[in-house]
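Single-letter residue listing:
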Amino acid sequence: MSDSQINKGVSVISEEVCQQVMGRANAFTAVENVFSAMAKKTAYNFPVIREAIGHADALYGFKSGFDRDGMVLGLKSGGYWPSNMAKGLTNHQSTVILFDPDTGKLKSLVGGNYLTAVRTAASSAISIAYLARKDAKVLGMIGAGHQSTFQLRAAVEQRNFEKVVCWNLHPEHISNLAAVAEELGLPFESVTREELCAQADVIITITSAFEALIEKDWIKPGTHIACMGTDTKGKQEVDAKLLTVAKVFTDELAQSITIGEAQHAIARKLIQQSDIVPIGEVINGTKPGRTSAEDITLFDGTGVGLQDLAVASLAAELAEAKGLATYFKL
């Protein structure tokens, strides 16, 4: 923390400023770097706290950690308020709080809603960049909520997709995703889940499901699946048996086996913890990713606090450099 920032005080980076300074390429690089650091054990997440508060059906919690490579220390505080949409707010609400690793002083307060969306999209995009077949042509989207549009925009930058197919539990909500596909110049089709699996070379699941939406036998050889919705005990998006025929990768092993998509296959002893590879190992070149065009690859994206800290730290740095931050002193 420089003398000039200490004199200015704590920086505040609003949601609006985060949207101005943090693009998809910046988010991709920040998350890629932190996955690499996690695999090298130079960055680590602290235990996650996530609780139902007994009011407004809300889930509230903290994700925190320290990245020694990036010198980033802090936490994301927030959760899920299911009635927010009716109030004109997003259901997910979060704020990132950054501290100076050298002194422990409060450094920055950063709006976390937009950054959560772009860091989650960056995570699946990284999995596509490292694990999907180079000739992947059809992108399948399971889920068409708010986060899906971020996922779609990030995914299409990784491969030369020629078509997007989609399934959503509530078909009336698909129009938002269809509009983004049209804006990107990609043909778009609403299909059944089985038809989606028959067509798609890459599948992104981004739902809040508590049951398998995709069956093992629907997935064709060579498919890459990014499971991005399962981040809580009990949630599930794909058939647990699918993980027995796929090469499985994750953002963080500890979360994958307890709150991620792999929790069900692990609980049923269909796979072992040693069968799951942190994506950072692939980024660093210490473990292989896809080894043939026939491989089915699956990325279990549970969402880790270090992702939030990485993008928030960069957003603060960019905002401060551009004179877009505001400051206060405690």
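A brief structural summary. (Residues numbered from 1 in each chain as written. Predicted model: local features only at pLDDT ≥ 70, side-chain atom pairs only at ≥ 80, totals over all residues. Heavy atoms only, no water.)

### A few points about the pattern of salt bridges
For the structure shown, the criterion picks out 14 salt bridges. Measuring nitrogen to oxygen at the nearest pair gives 3.3 Å for the salt bridge that ties D201 to R133. In this pair, D201 is assigned in the loop between α7 (193-199) and β11 (202-205) and R133 in the loop between α4 (113-131) and β8 (138-142), connecting sequence segments 68 residues apart. With a closest N to O distance of 3.3 Å, K216 and D217 form a salt bridge. Here the salt bridges share partners, and the residues they tie into one network are R133, D135, D201 and K220. (Salt bridge = Lys/Arg side-chain N within 4 Å of Asp/Glu carboxyl O. Helix = DSSP H or I, 4+ residues; strand = E, 2+ residues; numbered from the N terminus.)

### Looking at helix α6 (residues 175-183)
Taken residue by residue, α6 has L177, V180 and A181 as its buried positions. Seen along its axis, α6 keeps its buried residues to an arc of 100°; they face one direction. α6 presents N176, E182 and E183 as exposed residues on the side facing more than 90 degrees away from its buried surface. On its buried face, α6 sits against β8, α5 (146-155), β9 (163-167) and β10 (188-190). Of the residues flanking the end of α6, it is G185, one or two places downstream, whose phi is positive at about 80°. (Buried < 20%, exposed > 50% of the residue type's maximum accessible area, 1.4 Å probe, protein only. Arc of directions from axis to C-beta. Contact = heavy atoms within 4.5 Å.)

### Considerations on the pairing of strand β15 (residues 247-250)
Relative to strand β17 (residues 297-300), β15 runs parallel, the two sharing four bridges. By the bridge assignment, V248 is partnered in β17 with L298. (Pairing = 2+ DSSP bridges.)

### Here we look at unusual backbone geometry
Trans is the common state for peptide bonds, and a negative phi is the common state for residues other than glycine. If you check the backbone angles, D57 has positive phi at about 55° while not being a glycine. Take D57: it is sitting in the loop between β3 (49-52) and β4 (59-67). Here K269, not a glycine, exhibits a phi torsion of approximately 60°, which is positive. Looking at the secondary structure, you find K269 in the loop between α10 (263-267) and β16 (276-278). With relative accessibility at 73%, the residue K269 sits in the exposed group.

Scope: geometric values only; no functional claims are made or implied.
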